[in-house]
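# What the coordinates show
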Amino acid sequence: DSCAVKLNEEKRIVVNPDTLAVELSDGTQSDCVFAAGDAMAKPRHHQMASFAHFEGEFAARQVLRCIRGLPLRAFSAPPDKCFALSLGPRDGFVSLFGYTVFWGRLAPLAKSIVRVGWMSIVDYLPRLPLWFDKKLKQTSETSGATAAMV
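Everything in this summary refers to the structure shown in the same document. Just so it is clear, the model here is predicted, and its values are computed rather than measured. (Residues numbered from 1 in each chain as written. Predicted model: local features only at pLDDT ≥ 70, side-chain atom pairs only at ≥ 80, totals over all residues. Heavy atoms only, no water.)

### Topic: the state of the cysteines
- With the rule as written, the count across this model stands at one disulfide.
- Here Cys32 is linked by a disulfide to Cys66, with a sulfur-sulfur distance of 2.3 Å. In this structure the cystine formed by Cys32 and Cys66 twists about its S-S bond by roughly -110°; its chirality is therefore left-handed. Of this pair, Cys32 sits in strand β2 (residues 29-34) while Cys66 sits in helix α1 (residues 49-67), and the two are 34 residues apart along the sequence. (Disulfide = S-S within 2.5 Å. Helix = DSSP H or I, 4+ residues; strand = E, 2+ residues; numbered from the N terminus.)

In structure tokens:
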């Protein structure tokens, strides 16, 4: 079937990483069908809800661009924002925008607070605009620097 979507070894939908357009099994790319979130083949460190939310918003904008006859935009993954990891009941670390904020006994407590329901507060914090993320990438590419996010 020439209309079947292409899946990777993990049975996730293969997309064009530049546009998130779905790739078809015959090697072509779908015109106006996009994938996002856990259904999409992507690096393991991007398999988190924050990335899925961003990808979903981006895919929706791509659909609107298709409907309006506009060219597709290039996708740019957002930087990691907040990461809390407990390493048992008395150890861990919390990272914010790639910087370790604190570690030790406070980290598991912070993770528990987030898990219990305080994550809704994060929804009200300002998000990095897409243009700012692209500007950061352009700056690092032109200076030859590479940035690594946790």
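### A short note on the packing of aromatic side chains
- Using the criterion set out here, one finds two aromatic pairs in the structure.
- Relative to Phe75, the ring of Phe54 has its centre 5.9 Å away and its plane inclined at 55°; by these criteria the two rings are tilted. Highlighted residues: Phe54 in helix α1 and Phe75 in the loop between α1 and β3 (82-86), separated in sequence by 21 residues. The pair formed by Phe54 and Phe75 is uniform in burial state, with each residue classed as buried.
- Clustering of aromatic rings is evident, with ring pairs tying together Phe54, Phe58 and Phe75. (Phe/Tyr/Trp six-rings, centres within 6.5 Å; stacked < 30°, edge-to-face > 60°. Buried < 20%, exposed > 50% of the residue type's maximum accessible area, 1.4 Å probe, protein only.)

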